[in-house]
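# Understanding the architecture of this molecule
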Amino acid sequence: HLLEYFRNTFGAGGGGTNAPSPVSITQASGGVISDYTDPGPNIIYRSHIFANTDTFTVTESVASVTTADFLLVAGGGGGGNNINGAHGGNGGGGAGGLVEGNALPIADGTTFTITIGGGGSSLGNGNGTPTATARNGTNSTIAGPTITTVTAKGGGGGGNDHYDVVADGGSGGGSWGGGGAGPTTHGDATQPGTNSLYGATDYGNVGGHTPSASPEYCGSGGGGAGSVGGNSPNGSTGGDGGDGRASTIAYGPSNPRTYATGGAGGNTPYGGTNGSAAPNGGAATGESGLYSTGGGGGGCPEATANSVNGGSGIAVIRYQMGSIQTQKATGGAVSYYGGKTIHVFSYTGTFSSDNPFNETCECIIIG
């Protein structure tokens, strides 16, 4: 296409010494594609965003692009749930583990299997059985024959009123209140130190705990990628979820997203709040974590039995591009195919066009 452009622009001798050289572009398939320019270093990037398990394949590479940046987030843990109707607060689910790196090796023909972890379910068996681990989110991975598998660990489930232990996970779940959880009971973070290759840094934090071993009817917050889960400050207030971590890898510097926020602790009458940058991750008391964020589910308030699941995970692979088309509108993940510009919205957002805008648009929307 570039050769034809130069020939049409500069004549049949477009390949001669007076014609500009075409720019080579790495090509790959898989996920939702987003193209953008980082105005700081003035670098053009293409990111592949995976909200579901899929395959990333490099179909054409150039010598100057040998590594890719990546983000990997596991499913968040489910919040504690009073399925037995007992009195006592429930802990918030821990966020899925988050991994960032900048040296994932890619070349022509490289194929990675991208596995996206699901959020943990809030439903566990109370009645004296320690089942917080049943509410853990599941792992997300990047695997292939040419690399060591990169793993983000599922978030820990939040404690369930009087009858549950608190689960460890990528970020740990928050402790339950009522019946003697105690000041040292919280879920530990298992993500830090998991990955040591490809410029990887692992993020995860412990969950919060209750203030004493006496019947404190509150739950603490689950840990997040950015901070530990909040302790419940007293017997009537749930702890806040741990903060998430912001990233611009998927949509560029003008549209950052926050992932892996811990779920808030549940209580009556006052629950905690989800971690930073709501509503991009985590969950408030009694609410599920958001899709494709790795956020922990919020702990249920006392004597309720809502479904408070963790949010599913996400993966992003990004590499440098040689050129980018001019778009006439903004919003969503922007890519180009068949001479058309595509805007994909995985989150609530705004489509905004230039003025004047005289294009005919095709649309598909799924409830």
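Residues numbered from 1 in each chain as written. Predicted model: local features only at pLDDT ≥ 70, side-chain atom pairs only at ≥ 80, totals over all residues. Heavy atoms only, no water.

## Some remarks on the confidence of the model for the protein
In this model, the protein carries an average pLDDT of 81, and 77% of its residues clear a pLDDT of 70 or more. Under a pLDDT of 50 for its full length, residues 1–7 has, in the predicted model, nine contacts with residues more than four places off or in other chains. Counting contacts from residues 125–130, a segment whose pLDDT is below 50, to residues more than four positions away or on other chains yields 13 contacts. (pLDDT = per-residue confidence, 0-100. Contact = heavy atoms within 4.5 Å.)

## Quick notes on the sheet that holds strand β13 (residues 314–320)
One open sheet accounts for six strands, arranged β2-β3-β13-β5-β6-β10; its pairing is antiparallel. Of all strands in the sheet, those with a lone pairing partner are β2 (32–38) and β10 (201–203), marking the two edges. Strand-to-strand twist across the sheet, computed as the mean angle between neighbouring axes with direction ignored, equals 20 degrees. (Pairing = 2+ DSSP bridges. Helix = DSSP H or I, 4+ residues; strand = E, 2+ residues; numbered from the N terminus. Axes fitted to C-alpha atoms, helices over the stretch in contact; angles between N-to-C directions.)

## Here we look at unusual backbone geometry
Cis peptide bonds are those with omega within 30 degrees of zero, and the linkage from N355 to P356 qualifies with 5 degrees. Among the secondary structure elements, P356 is positioned in the segment after β17 (352–353). With phi around 60 degrees, N42 is a residue other than glycine that occupies positive phi space. Position of N42 relative to the elements: it lies in the loop between β2 and β3 (43–50). A residue is classified by how much of its surface remains accessible, and N42, at 60% relative accessible area, is exposed. Here A260, not a glycine, exhibits a phi torsion of approximately 60 degrees, which is positive. Mapped onto the elements of the fold, A260 is located in the loop between β12 (257–259) and β13. (Buried < 20%, exposed > 50% of the residue type's maximum accessible area, 1.4 Å probe, protein only.)

## Notes on the packing of aromatic side chains
According to the stated counting rule, one finds four aromatic pairs in the structure shown. Judged by centre distance (6.0 Å) and plane angle (45 degrees), the rings of Y36 and Y45 are tilted. Judged by relative accessible area, which is 7%, Y36 ranks as buried. Judged by its relative accessible area of 9%, Y45 falls in the buried class. (Phe/Tyr/Trp six-rings, centres within 6.5 Å; stacked < 30°, edge-to-face > 60°.)

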